[in-house]
Structures are given as C-alpha cells and as structure tokens.
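What follows is the residue order along each chain.
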Amino acid sequence: MLALLLVFAPAFWLASRRALRSSTPTRWLRRLLVALWGVAVLTYATLFTLGHGLVVRTTLAAATPISDSSLAAEFVVQLTAALTTAAVTLAVYATLVPAIRDVQEIDLPMRTALRSLGRYALALSVLFAAVLALLLRALADDGPAVYWLLLLGAMVALAFANPVLAHVFRDTREPTSAERERLRERCDHSGLSVSSIVILDDMPETAGIHIYGVPSRRQLFVTERVLEAFDDETLEAIFAVHAGKLRAHYRGYAVYSLLGYLALGVGVLLFGSGTLVTIFIVLVAVLALPTLWAARRAFYRADDYAAAVVGRDELVRALEYAAEEQNLELVDGGRWVVFKSRPPLGRRLARLREKSARSEEMASTPS
C-alpha cells in the first residue's frame, strides 16, 4: 500500500497541476476524479494478489472462535480490504483538493473535503463488504443458482435502497416551509413527481440535484447551493430535464444496463471457461455501443420534454447558467461521444439551438 501511495499520490498531484495549466482544467480534473476508481480497483486487487484474504482468515481463526470459512470471516476479509482501499484512495484524492479549490474558486478546506468523501467511502465499504461476503459464501455453500438469485435480489434492492443510502452517505436536513413550498411549486410546473424533498448540507459550495427511489417513492435531493444560486426559472428548467429523464427511462439505459453487464461478467468469470470469457468480452464490445446510444437518445428526449415545458430558449439559458455556476466547459465531445451514456452539454445546447432555429425558420416561411 505504501508503494501504491508513493506512485499514485505524486502522479495525481502532477497531473492536477498540469490540468490547471490546460485550456480545459475542469474536464481534466473530472477525469482524474473518475480515475480514482481505477486506483481503488488496483488497490483492492493488489491486496488479494498479495494474500490479504489468507492472512486475515488465519489471524481471525487463531485469535477468535470464528471459523475461517464462515460468513463472519468473509465479511471481515472484505471489510478490511475495502477500508484499506478507501484509505489509499482518500490519500490520493487529497492531492487533487488544491486544484479543485483553484478551478472551482471555492473555499474548500482539506478537512471538509476529506470528511465528506471519507464518510461516503466508509458507508460504501461496509455495504460493499456485506453484499460481497454474502454472495461469495452463497456461491461456496449453495452453488450458482442461489448466487444468481441473491445477485438479482441485490440489484432490485438497490433501487429501493438508494434514498436510504443517500441519507447515510450525506449530511441531510428537512427543508424549511418556504423552501419546501418553493421546490414543490417548481416540481409541479415542470412535471417532476416526488414524494419528499431533502436538503443536502454537507457540501454548500456544490450545486447538485438528484432523484432517488422507485416511481411511487421518489425523493428529491438538492444542495443548499442550488437554493441560493438558481432562480425559479432555472430550477424549473432543470427539474423539467430530470422529469424528462424519468419519462425516457434514462437511468435504465445508463445504470441498470451497466449493472447487468457487471453481473454477467462476474458470473462468467466465476463459472465460465476461457472460451466463455472471450465470448463475453466480444459481446460486451458489440452490445455496449447500442446501449450507450440508447442512453444518449433518452437524454435528448429528456431535453425535448423540458423544452416543451419551459421553452427552448429558457432551457438553453438555464443550462448555460448551471454550467457557469459549476465551472463546466461546454464541449462537444467529438468522436469519443459514442463511448458515453450522457451527451456532452455543449452538444446538447447546440442541438437545442439548431431545433429552435429550424422552428423559427419554419414559422417564418409562408405556407
């Protein structure tokens, strides 16, 4: 772990410094933040390559009456690995905080940044360890059939548990009467149906809007910055986009399909031969592109719905304001957009302006 830190921490710090000197620093910093998942995966894999599981099970069996093949032992193995992985990832993340502070032009103390992400990492580590330990013991004791049933159950439960997990991962509070009335009114005007509203108050400098839960129990989570920085028209337009995403089932294409590929891949690796693994890789390479295309189309349909609710010009203004508030670059994405589930904001805005210009041209043309 020390070796990984000695490699990753300076590398990410140098990359963040270079990002600040680039023409698109926000984009490069976001890529570095995504790359932290790679650090986590490599750290986790390194632990088990070096015999982490065997060491923990042997030590646990020698020091306690817990059997090294029990569910409790598997949970301890996975939890210690997850917590170690989280510690390494947090240490690397700390090297990015100064650059994030400079780019976003916000007062973000190191302690605040690490506390927010550390709480998320701790809750995620416990959840990951519990689910993985249960699946691995089911695979060892009961066979593939029970494993697949439990995995399917975990994926379904995740959809119901998302609002609960948001409360666990983040600092939340109930909205005041004025805040609730304002947000409810904007939801009603935009067509966004939610059962409750929650305010996130752990990162006041960040503007974030999230919808979690199943159709009858969806919850709206907004940060305090959204309430301060966005006027009613902007809120209504952004809420309309979220309502459009729900109507177009964007999450199903972008998230649940990814979970399906992941579950299928884990199953093939555990139960399949080398031939099946090869076939799976080929299938994913072929099927992923149409899935990503469908997700992008769903996002465009969401924009069209929002434009119909608030008007294209108002939607463009709201999206531009939100991008400026979050220091986002309006990029087109180029050819790499085929590998994304979410179209770049610059491309979305160009599409809306083009449709608006086409509508004006048709309106001005004599019939």
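The structure under discussion appears in the preceding block.
Residues numbered from 1 in each chain as written. Predicted model: local features only at pLDDT ≥ 70, side-chain atom pairs only at ≥ 80, totals over all residues. Heavy atoms only, no water.

*Asks:* What is the right way to read the overall build of the protein from this model?
*Replies:* Each helix and strand counted, the protein has 14 helices and four strands in total. Taken against the 2.2 N^0.38 rule, which gives 21 Å for 367 residues, the C-alpha radius of gyration of the protein at 23 Å falls within 12% of a compact globule. Taking the principal axes of its C-alpha atoms as reference, the protein extends roughly 85 × 45 × 45 Å. Expressed as a percentage of its 367 residues, the buried residues of the protein come to 39%. Here the contacts in the protein between residues at least 6 apart in sequence split such that 71% fall between residues at least 24 apart. Accessible surface, the protein as shown: approximately 19700 Å² in total, 65% of it carbon and sulfur. Across the protein, the 38 positively charged side chains and the 34 negatively charged ones have centroids separated by 7 Å. (Helix = DSSP H or I, 4+ residues; strand = E, 2+ residues; numbered from the N terminus. Rg over C-alpha atoms; globule rule 2.2 N^0.38 Å. Buried < 20%, exposed > 50% of the residue type's maximum accessible area, 1.4 Å probe, protein only. Contact = heavy atoms within 4.5 Å. Areas by Shrake-Rupley, 256 points an atom, 1.4 Å probe, with all protein chains shown as cover. Lys, Arg positive; Asp, Glu negative; His and termini not counted. Charge placed at Lys NZ, Arg CZ, Asp CG, Glu CD.)

*Asks:* What exactly am I supposed to notice about the nonpolar core here?
*Replies:* Formed by 41 residues in total, the largest nonpolar core has its most connected members in Leu183, Ile209, Leu220, Phe239 and Leu315. Excluding residues within four positions of it along the chain, Leu183 makes contact with Ile197, Ile199, Val222, Leu227, Leu235 and Phe239. Within the second largest apolar cluster, 18 residues are counted, among which are Ala19, Leu29, Val97 and Ala99. (Core = buried A, V, L, I, M, F, W, Y, C linked by side-chain atoms within 4.5 Å.)

*Asks:* Looking at this model, I keep getting lost on the pairing of strand E3 (residues 209-212). Mind explaining?
*Replies:* Judged by which residues are buried, E3 turns out to be one-sided: Ile209 and Ile211 face inward and are buried, whereas His210 and Tyr212, on the alternate face, are not. Pairing analysis gives four bridges linking E3 to strand E4 (residues 219-223), with the strands arranged antiparallel. Within E4, the position partnered with Ile209 by the bridge is Val222. Between E3 and the antiparallel strand that follows it, E4, lie six residues; Gly213 among them carries a positive phi value of about 110 degrees. (Pairing = 2+ DSSP bridges.)

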